[in-house]
Every structure is written in structure tokens, then in C-alpha cells.
Amino acid sequence: QLVRRNRAWMGLFFLLTFWALPGHYMLVIFVYPVWGEYTALAALNVTPARIFTELSMLQFGVLVTAAAILIALWQTQWLQSKRQGELWYSLPVKRENLLLAHAGAAWLTIALPLAADYLVVLLAGAARLAQSAGREVDYFLLPVGEILLDLFGWLVTALAVIAIIFLVAVMTGGFFKT
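Procedures and definitions
- Residues numbered from 1 in each chain as written.
- Predicted model: local features only at pLDDT ≥ 70, side-chain atom pairs only at ≥ 80, totals over all residues.
- Heavy atoms only, no water.
- Axes fitted to C-alpha atoms, helices over the stretch in contact; angles between N-to-C directions.
- Helix = DSSP H or I, 4+ residues; strand = E, 2+ residues; numbered from the N terminus.
- Parallel < 35°, antiparallel > 145°, perpendicular 65-115°, else oblique.
- Left-handed = near helix turned anticlockwise from the far one by under 90°.
- Bend = angle between axes of the 7 residues up to and from the residue.
- Buried < 20%, exposed > 50% of the residue type's maximum accessible area, 1.4 Å probe, protein only.
- pLDDT = per-residue confidence, 0-100.
- Phe/Tyr/Trp six-rings, centres within 6.5 Å; stacked < 30°, edge-to-face > 60°.
- Contact = heavy atoms within 4.5 Å.
- Nonpolar A, V, L, I, M, F, W, Y, C, P; charged D, E, K, R; others polar.

*Asks:* I would appreciate a short explanation of the packing of helix 2 (residues 7–31) against helix 6 (residues 95–131) in the present structure.
*Replies:* Running from N to C, helix 2 and helix 6 cross one another at 20°; their axes reach a closest spacing of 9 Å. The angle between helix 2 and helix 6 falls in the class roughly parallel. For helix 2 against helix 6, the interelement crossing comes out right-handed.

Shown next as C-alpha cells:
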């Protein structure tokens, strides 16, 4: 139910990151080769995964970090409200489990849209590979392992940000002190 409560955040995060990652990637691999295929694909050499341009890397990094902070703060708001705290603590669940459930919901709110973004990137890359199957010279590369490693790095980054926010929320007071 906690993840269901975050569906609006999840949808907004997916829409914003869709432009920053799959949107830029699809523009470069499908539209920009009109300018010269090698020149357009060279713009993707920012990371080993070859899915970011300079602008998309900046946008994506800011969006993932800001979303992790905002969603973690949203998930910890019950710690600061006496009424909500009493409701949560009246349930027959340990406090540690409540905190882990909220942290897990915050992480899933970030992880599911990120996985969808990377799935779109992989599908677009596979379509581009299929499109260029008959060419003699093609500069397009789809390093699937590097792309999945990049996804894992962003998931760990989001988890670290969420953990820091939850630690600060617990240590600054709230209902856990009683």
C-alpha cells in the first residue's frame, strides 16, 4: 500500500526522466544521424554505457538525486506528526519494520521508473541494431552489460540518498524519541 500511495510520484519521476534519458538517447540514435552518423554517435561517449549525452547526464543526475531526496522526505513525514505516528505505532508491527517498509517504498518509487527508462533504452538500442543489420559500416554499439551496470549504479545512488534522509529524519527527533 505504501508503494501504491506513491504512484503519482512514480509517474512524475518517469515522465521527467524519460526525457532526460530515453528521449535524448532515441534522438541521437534515430534522428541525429542525418548530421553524420559518426558525429551523432560520438555524442554518446560520455559514459562507458554510451547512453548519455552531456546534457542528458546532467539532467538525469540532478533528477535522480532530487527525486530520491523528495520522495524520502515524503516517506518520512509520518515521523514528524504526532497523530500519524500514533496511528502507525498502534499497529502490531515493530518500529524497525515500519521504517524499513517506508524506506523500501521510497526506493521502489525510484527504482521502478528507472528500470522502465533503462528498458526503453535497451529496446530502442535493439531496434537500432536491427535497423542497421545490413550496413557494411556502422558505428553504433549497444553495450548491454555497461547499461545494466549503469542502472545498478543509479539504484545504489538512490538507495544511499534515501538511507541518509531516513537516518537524518530519525536522528533529528520526531516520534521515535518517545
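*Asks:* Is there a simple way to think about helix 2 in this case?
*Replies:* Residues lying three or four places apart along an α-helix face the same way, a consequence of the helix completing one turn every 3.6 residues. Phenylalanine 18 marks where helix 2 bends most, by close to 45°; the proline proline 22 follows one to four residues later. Taken together, the buried positions of helix 2 are occupied by Met10, Phe13, Thr17, Ala20, Leu21, Pro22, Gly23, His24, Tyr25, Val28 and Ile29.

*Asks:* Help me understand the confidence of the model for the chain, please; the structure alone is not making it clear to me.
*Replies:* Predicted coordinates in areas of low pLDDT are best not read in detail. For the chain, the average pLDDT comes to 81, and 76% of its residues sit at 70 or higher. Mean pLDDT across the elements of the chain bottoms out in helix 3 (residues 37–42) (58) and peaks in helix 7 (residues 144–171) (91).

*Asks:* How should the packing of aromatic side chains be read in this particular structure?
*Replies:* What characterises a pair of aromatic rings is the spacing of the ring centres plus the angle enclosed by the ring planes. This structure, assessed with the given rule, holds four aromatic pairs. Judged by centre distance (6.1 Å) and plane angle (55°), the ring pair of tryptophan 9 and tryptophan 74 falls under tilted. With tryptophan 9 in helix 2 and tryptophan 74 in helix 4 (residues 54–75), this residue pair connects regions lying 65 residues apart in the sequence. The class of tryptophan 9 is partly exposed, set by a relative accessible area of 27%. Site record: aromatic cluster; members linked through ring pairs are Phe60, Tyr118 and Trp154.

*Asks:* How do you make sense of the packing of helix 6 against helix 7 when you look at a structure like this?
*Replies:* Two packed helices can be described by the angle between their axes and the distance between those axes. With their axes 10 Å apart at the nearest point, helix 6 and helix 7 run at an angle of 155° to one another. Classed by the angle they form, the pair helix 6 and helix 7 counts as roughly antiparallel. Crossing geometry of helix 6 relative to helix 7 is assigned as right-handed. For the pair formed by helix 6 and helix 7, the contact residues are Leu99, His102, Ala103, Ala106, Trp107, Ile110, Ala111, Leu114, Ala115, Tyr118, Val121 and Leu122 on the first element and Val144, Ile147, Leu148, Asp150, Leu151, Trp154, Leu155, Ala158, Leu159, Ile162, Phe166 and Val170 on the second. For the contact of helix 6 with helix 7, the residue count by class is 22 nonpolar, one polar and one charged.

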